[in-house]
Amino acid sequence: EDTPFDHDSYKNSPMPLCARLFADHGYRGYVLRDNQGKAPGSADLNYVSVDLLFDSQEQLGAALAAGGKEVSADIVNYTTTTPSMSFSEVEMDIA
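Notes on the structure follow. Since this is a predicted model, take the numbers as computed values, not measurements.

**Here we look at the overall build of the chain**
Of regular secondary structure, the chain possesses three helices and two strands. Taken from the N to the C terminus, the helices and strands of the chain come in the order α-α-β-β-α. By principal-axis analysis of the C-alpha atoms, the chain measures approximately 35 × 35 × 20 Å. In the chain, buried positions account for 27% of the 95 residues. Sequence separation of at least 24 residues holds for 58% of the intrachain contacts in the chain that already meet a minimum separation of 6. Here the chain has roughly 6,900 Å² of accessible surface; of this, 49% comes from carbon and sulfur atoms. On the chain, the mean spot of the 6 positive side-chain charges and the mean spot of the 15 negative ones are 2 Å from each other.

**What to know about the nonpolar core**
In terms of nonpolar packing, the biggest core is built from nine residues, these being L17, C18, L21, F22, Y27, F54, L60, A63 and V71. Every element with two or more residues in this core is listed here: α2 (14–22) and α3 (57–73). If one sorts the elements of this core by residue count, α2 sits on top with four residues.

**Considerations on the pattern of salt bridges**
If the charged atoms of two oppositely charged side chains come close together, the side chains can form a pair. As enumerated under the stated definition, the model contains three salt bridges in all. Here R20 ties to E70 by a salt bridge, and the two come within 3.4 Å at their closest N and O atoms. Taken as a pair, R20 in helix α2 and E70 in helix α3 lie far apart in primary sequence, 50 residues in all. Taking relative accessible area as the criterion, E70 reaches 41% and is therefore assigned partly exposed. Between R33 and D51 there is a salt bridge, and its shortest N-O distance comes to 2.6 Å. You can see R33 sitting in strand β1 (residues 27–34) and its partner D51 sitting in strand β2 (residues 48–54), a full 18 residues away along the chain.

Conventions we followed
Residues numbered from 1 in each chain as written. Predicted model: local features only at pLDDT ≥ 70, side-chain atom pairs only at ≥ 80, totals over all residues. Heavy atoms only, no water. Helix = DSSP H or I, 4+ residues; strand = E, 2+ residues; numbered from the N terminus. Buried < 20%, exposed > 50% of the residue type's maximum accessible area, 1.4 Å probe, protein only. Contact = heavy atoms within 4.5 Å. Areas by Shrake-Rupley, 256 points an atom, 1.4 Å probe, with all protein chains shown as cover. Lys, Arg positive; Asp, Glu negative; His and termini not counted. Charge placed at Lys NZ, Arg CZ, Asp CG, Glu CD. Core = buried A, V, L, I, M, F, W, Y, C linked by side-chain atoms within 4.5 Å. Salt bridge = Lys/Arg side-chain N within 4 Å of Asp/Glu carboxyl O.

The values are spatial; any link to function lies outside them.
Encoded structure:
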């Protein structure tokens, strides 16, 4: 699908907005994925995806209740694409 997406605005607007609005609700940071593809270097899937990291689902729920509408309202500033959301638990082991 050929729709506009401003990568710089995405990195510079909603990410700091999430940090500010979600800070009091256990927000730990994010993982940003760009140039995703079916094979290394193909970039033929999503424009970008992001995982917002919280210690618990309860904290995520509180953060979204407090600032989710403002973050969602910012979408028009970087794309005309309708985003999809999913929720999951993440387990990391970073060496």
